[in-house]
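# Close look at the chain arrangement
Listed below, chain by chain, are the residues.
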Amino acid sequence: MKNFKNWLVVVMLISTSIIFAQTKLTGKIVDETNQPLPGATVALKGTQSGASSDFDGNFTFETSSTNGTILVSFVGYETKSLTFNGTKNFGTIALMPSAESLDEIVITAISFAIQRKTPVAVSTIKADVIENKLGSQEFPEILKSTPGVYATKSGGGFGDGGLTLRGFNSENVAVMINGVPVNDMENGKVYWSNWAGLADVTSAMQVQRGLGASKVAVPSIGGTVNILSKTTDIEKGGNIFSSTGNDGYQKYGATVSTGLLDNGFAATISAAKTKGNGYVDGTEFEGYSYFANISKQIGDNHKISLTTFGAPQWHGQRQNQSLISTYRDADSGIKFNPNWGLRDGNVVNVEDNFYHKSQTSLNHYWTINDKTNISTALYASWGSGGGGGTAGNSSLFKQRIGGADQPIDIDNIVAINRANGALGAEAYLRASRNDHTWFGALSTLKTKINDNLSFVGGVDLRSYVGKHFSEVTDLLGADYASDNNNVNNPNAALQVGDKRDYWNDGEVEWQGLFTQLEYDKDNIAGFVSVAVSNTSYVRVDYFNYLDSDAIQTTDKYNFSGYSVKGGANYNINDEHNVFANIGYFEKAPGFSSVFLNYDNEHINADAENQKIFSTELGYGFKGTNFGANINIYRTEWKDRTLTRSFENADGTFNSANILGVNAIHQGIELDWTYRASDKLKITGMLSLGDWTWDNNVENVQIFDDSQELVDTIDLFIAGLKVSDAAQTTAALGFDYELMEKTHFTMDFNYFADIYARYDPNRRTTEGPQAWTLPDYSTFDMSIRHGFKIGDLDATLTGRMNNVFDTQYVSDATDGAGSVSETALVWYGYGRTFNISAKLKF
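The rules behind the values
Residues numbered from 1 in each chain as written. Predicted model: local features only at pLDDT ≥ 70, side-chain atom pairs only at ≥ 80, totals over all residues. Heavy atoms only, no water. Buried < 20%, exposed > 50% of the residue type's maximum accessible area, 1.4 Å probe, protein only. Helix = DSSP H or I, 4+ residues; strand = E, 2+ residues; numbered from the N terminus. Pairing = 2+ DSSP bridges. Phe/Tyr/Trp six-rings, centres within 6.5 Å; stacked < 30°, edge-to-face > 60°. Lys NZ or Arg CZ within 6 Å of the ring centre and 35° of its normal. Core = buried A, V, L, I, M, F, W, Y, C linked by side-chain atoms within 4.5 Å. Contact = heavy atoms within 4.5 Å. Salt bridge = Lys/Arg side-chain N within 4 Å of Asp/Glu carboxyl O. Axes fitted to C-alpha atoms, helices over the stretch in contact; angles between N-to-C directions.

### Quick notes on the pairing of strand β9 (residues 149-152)
The side-chain alternation of β9 yields two buried faces, one formed by V149 and A151 and the other by Y150 and T152. Of the strand pairs in this sheet, β9 and strand β10 (residues 162-165) are connected by four bridges, and their pairing is antiparallel. Directly across from Y150, in β10, lies its bridge partner T164.

Structure, rendered in structure tokens:
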């Protein structure tokens, strides 16, 4: 009996150990070039459990299942299935690129390009690179080592960074977030300050240079920037992080994810706060960012996902450029900013920016069968805010406390205003507001016609109302401010918050249809795409016209556009591939090209479409340790929209709609990656551009208020270089693994052939090329160390930008004689640093 009890205890212990035994699964996930894929998902098939890979691509998780299948996936890559029977180390798991693997939240129309398949020039930056290198830089600056890109901080304020691509500014570069276009509906611009917190939740960022592969009819003359936000995490957990840097920079935030629950729900929430004094004088800032995603799997064929994000912020600005001599003579040197002052010893940001743009989308992904699916996004965006400035007697804002390089004497203005008493403000502060409401729908159907051919078609609908007005923000000690610009309320005595100077709405409607045929067989992949669109404009002016005047609201003016493009990629073998693409499209004129002189009477109803023809040829090589891509391109930009107003001595206006202005953007681009050893990776790029205005324009007709021809002018622009972008760029980067989970990176960037900004409209006499900015180069370094705190993963990252404190002019406006002495400039930042820590749980 005693022996029986002993055996029973042994059996129970063995049974218990079997029941509670955990199967341990480990491995390392890499891409097609053997680079780690941080954040890749490892899911146990048929369950809600899983894990994510760390910074080095490694993963570990335990399961009570003794056998089964894991699914390894990463955005833009094929999902790989692997089986196990007991504890197993899968070793290195290599994923291959695939457009079909994008998460359901990403609308099919985004067309995330795939190397050796999509026939476009493309560069992809993954989340770990963004996290490692961005620090306190502006979001567009993460792309500065990409061929054809020139990214600067512009005036140096928080979120004021700018980006050009192949010589085209943001108006002609399409920016999409999760497949939804975000370029301003009236002028096409992208305001990066609206997305200052987006880097925290970006899973991948891709630049498609040239016409790109996007199916939506977007104005991608220079290229397309696709930003994919993170969605819901399969693994329960989150992280907290904090960073600090030069000039009082502080940032902290957190992310929490429920993981995929048994009921099919999953949620991820992120939030962060950023503040600092700013590198440039008078550019203090404070910003917040938030992101939330809730998704629900409904059966096997449906998934819905609700995403919302935004980044409300306020920051002081340096709006005005200065002479190089002014910076040299200023106490603060390149940090000098003429746009701030002191009142009672406190900083007053005479020029500032404040804005909150939220974007919310409801996505539905429906797998109809194994051949057909439909993805739909309903989205809404609300924007509120604007930019501050001065009003009244501008000369008072030139009086400073001491020398010309010192702050504006705001106390002096307050004293003058108070002395005026009943006469009101002689000078005060105002803000130019640009609020908007934007609704849209984007739906895409994709079906396989056969094993090699697929059809894609969809609809793109947008409705936008932009509200533009100026308002009083600070009377600076006065009782009121006078304004006589509103015919419905003349001689108004304004208080803070009242509208002044102008108030008008811009109503824009967009209807687009797109279709695409995609072919993929063996070593050949290609596409042919056709898209058509209609853009309609209405202008409402509440100040220049009486409420009873029918002209207060204009008629609707419609402009059609279309695009035709195609391309093919041929994989010669496992190492070599070639591709080519060609396209033509017509872009509808912008809002300001239709409504001239800021009124409802001078309407250019026959504004000409801009015409773009582009072609490109590329070659790629992918070896075991070395990969490279080279491409040549040519873009012909015809009938670029140029309009000009001429103010007469009596206050009336003449106007000109300038046609026949053509430009050619052509060049060659090279990028490469070399894995010198298991620990060292070297990257590089070279971009040589030749961007010029193609022709002079003769007999430009100028019309008066009655549309009578009053004069003609000629424009002398043939052979002039396109300005405001670096036509030559180069980069060299090193990533060295010092020890496990510890990486040191160094990046060298070179910029040359930058011509000071000028207005082609003003070149009415023959003159020289615009002033050429001095070539410059910068060095950036970072070190990242991962370690454990108990069972939690932690990371410390240190970054230093412009290590050698190089002084350089990043942006300039041409002056008289096109020489450095007369150019107005902004300097780039000197040496800056940032240190951050992250703890995952």
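### So, the environment of F559
By the secondary structure assignment, F559 is in strand β33 (residues 557-571). Overall, F559 belongs to the buried group, its relative accessible area being 6%. A sequence separation of 393 residues divides F559 from R166, and the C-alpha atoms of the two residues are 27 Å apart.

### Describing the packing of aromatic side chains
Evaluated as defined, the whole model comprises 26 aromatic pairs. Aromatic pair Y150 and F751: ring centres 5.6 Å apart, planes at 65 degrees, arrangement edge-to-face. Taken together, the residues Y150 in strand β9 and F751 in strand β44 (residues 742-755) connect sequence positions 601 residues apart. When the ring of F591 is compared with that of F595, the centres are 4.9 Å apart and the planes differ by 45 degrees; the resulting orientation is tilted. Judged by relative accessible area, F595 falls into the buried class, the value being 5%. Aromatic rings pair up to connect Y537, Y557, F559, F591 and F595 into one cluster. The ring of W510 carries R462 above its face, with NZ or CZ at 4.2 Å from the centroid. Above the plane of the ring of F469 lies K499, whose end atom (NZ or CZ) is 4.6 Å from the centre.

### Describing the nonpolar core
One finds F139, L143, L198, M205, V225, I227 and W693 to be the most contacted residues of the largest nonpolar core, which totals 50 residues. Beyond its immediate chain neighbours, meaning those up to four positions away, L143 contacts I125, V149, L163, M205, V207 and V225. Residues Y150, V280, A756 and V809 belong to the second largest nonpolar core, which totals 23 residues.

### Remarks on the pattern of salt bridges
Per the counting criterion, the structure on display carries 27 salt bridges. Taking the shortest distance from any N to any O, the salt bridge between R462 and D460 comes out at 2.7 Å. On the basis of relative accessibility, which here comes to 7%, the residue R462 falls in the buried class. In this structure, the salt-bridge partner of K638 is E636, at a minimum N-O distance of 3.9 Å. When its relative accessible area of 40% is taken as the criterion, K638 is described as partly exposed.

### Looking at the sheet that holds strand β1 (residues 23-30)
The sheet built from three strands is open, its strands ordered β4-β1-β7 with mixed pairing. A single partner strand is all that each edge strand has here, and the edge strands are β4 (58-63) and β7 (88-94). Across the sheet, the mean angle separating the axes of adjacent strands is 20 degrees when strand polarity is ignored. In this sheet, β7 lies alongside β1 in parallel orientation, the contact comprising five bridges. Residue pairing for β7: L25 is matched across the bridge by K88.

### Section: the sheet that holds strand β8 (residues 121-126)
Pairing within the open sheet is mixed, and its five strands lie in the order β8-β13-β14-β11-β12. Each edge of the sheet is formed by a strand with only one pairing partner; in this case those strands are β8 and β12 (180-181). Judged from the seven bridges that link them, strand β13 (residues 202-209) and strand β14 (residues 223-229) form a sheet pairing that is antiparallel. Within β14, the residue paired with V207 across the bridge is V225.

### Focus on the pairing of strand β31 (residues 499-521)
One ladder, built from 19 bridges, connects strand β28 (residues 453-474) with β31; its direction is antiparallel. Each bridged residue has a counterpart across the sheet, and for S470 the counterpart in β31 is R500. Two strands pair when backbone bridges link them, and β31 and strand β32 (residues 524-541) are joined in this way by 18 bridges, in the antiparallel orientation. Within β32, the residue paired with F514 across the bridge is A531. Between β31 and β32, which pair antiparallel and follow one another directly, the connecting turn spans two residues, one of which, D522, has a positive phi of 55 degrees.

### What about unusual backbone geometry?
Within the chain, R166 stands out as a residue other than glycine whose phi angle is a positive 55 degrees. Tracing the backbone shows R166 in the loop between β10 and β11 (173-177). Phi is positive for N491, close to 50 degrees, though the residue is something other than glycine. Residue placement: N491 occurs in the loop between β29 (481-483) and β30 (492-494). The class for N491 is exposed, based on a relative accessible area of 65%.

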